[in-house]
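The chain contents come next:
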Amino acid sequence: MAVIKHISIKNASYNATVDYLTTQHDEFTNKPILDEHGRRIPREEFLLDGINCDPESFHQECQELNARYNQNQTRADIKAHHYILSFDPRDRDENGLTPEQAQQLAIAFAKKNFPGHQTIVCTHPDGHNSAGNIHTHIVINSVRALDVERQDFMERPADSLAGKKHHVTKDFLKYLKQETMNLCQQEGFY
């Protein structure tokens, strides 16, 4: 069964998130793995795309947007939201799920459920502790970059406006879990 997980990020360095997604980290300590010269080692396989941003300049673009709207200026502010969409390993083995397909599904999922946000989508073909599950990271700047059409899942009028912060509630997480199940049913996944 596919699952979705949410993590709030208060770290002011959006680069730290991109670094985690694109370089090798110890599964138990989450510290970067370094080569003999003390440099971070790139992950062997990953797919990385941006929505409303270039993933290579995600950090700078988010900082510029935050400054424009005077948001995310204190340590306590949630700077980004990290969603992890993990597919059942059987979907790879029995249903032919590929990392490329997971990436495209996650991009569509992000566009639908986080419209107007600067977003990076990164798919990894392997899970923690050799779980073997394809999983996708969706990281959004907590500040919406663009005005969007109001959607039924948006709880407040401000949830569709540029310059306003992403709002996570129990109802929204319940909605995302249902969207994840709908995605799996649509694709014939576990």
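Located above this text is the structure these notes cover.
Basis of the calculations
- Residues numbered from 1 in each chain as written.
- Predicted model: local features only at pLDDT ≥ 70, side-chain atom pairs only at ≥ 80, totals over all residues.
- Heavy atoms only, no water.
- Helix = DSSP H or I, 4+ residues; strand = E, 2+ residues; numbered from the N terminus.
- Rg over C-alpha atoms; globule rule 2.2 N^0.38 Å.
- Buried < 20%, exposed > 50% of the residue type's maximum accessible area, 1.4 Å probe, protein only.
- Lys, Arg positive; Asp, Glu negative; His and termini not counted.
- Charge placed at Lys NZ, Arg CZ, Asp CG, Glu CD.
- Core = buried A, V, L, I, M, F, W, Y, C linked by side-chain atoms within 4.5 Å.
- Contact = heavy atoms within 4.5 Å.
- Pairing = 2+ DSSP bridges.

Some details on the overall build of the protein
- Scanning the protein for helices and strands turns up five helices and five strands.
- Tracing the protein from N to C terminus, the helices and strands come up as β-α-β-α-β-α-α-β-β-α.
- In terms of C-alpha radius of gyration, the protein reaches 17 Å, essentially the compact-globule figure of 16 Å for 190 residues.
- Overall, the protein is about 45 × 45 × 25 Å in size when its C-alpha atoms are taken along their principal axes.
- Every one of the 190 residues in the protein was classed for burial, and the buried ones make up 45%.
- Taken together, the 21 basic and 27 acidic charged side chains of the protein have centroids lying 9 Å from each other.

Remarks on the nonpolar core
- Within the largest apolar cluster, 26 residues are counted, with the highest numbers of intra-cluster contacts made by Tyr83, Phe87, Phe114, Val121, Ile138, Phe172 and Leu176.
- The dominant element in this core, judged by the number of residues it contributes, is helix α4 (residues 99–113), at six residues.
- Apart from residues lying up to four places away in sequence, Leu176 is in contact with Ile4, Tyr83, Phe109, Asn113 and Phe114.
- The next biggest cluster of nonpolar side chains, apart from the first, holds 12 residues, and it includes Tyr14, Tyr20, Leu21 and Ile120.

What about unusual backbone geometry?
- Even without being glycine, Asn52 reaches a positive phi, approximately 60°.
- The residue Asn52 is located in the loop between β2 (47–51) and α2 (58–68) in this model.
- The class of Asn52 is partly exposed, set by a relative accessible area of 37%.
- With phi around 50°, Asn70 is a residue other than glycine that occupies positive phi space.
- Secondary-structure assignment places Asn70 in the loop between α2 and β3 (80–86).
- Overall, the relative accessible area of 59% leaves Asn70 in the exposed class.

Comments concerning the pairing of strand β5 (residues 135–144)
- In terms of residue burial, β5 counts as a mostly covered element, since 10 of its 10 residues are buried.
- Judged from the seven bridges that link them, β3 and β5 form a sheet pairing that is antiparallel. Among the inter-strand pairings, Tyr83 is bridged to a residue of β5, identified as Ile138.
- When strand β4 (residues 117–124) meets β5, the two strands line up antiparallel, connected through seven bridges. Within β5, the residue paired with Thr119 across the bridge is Ile140.

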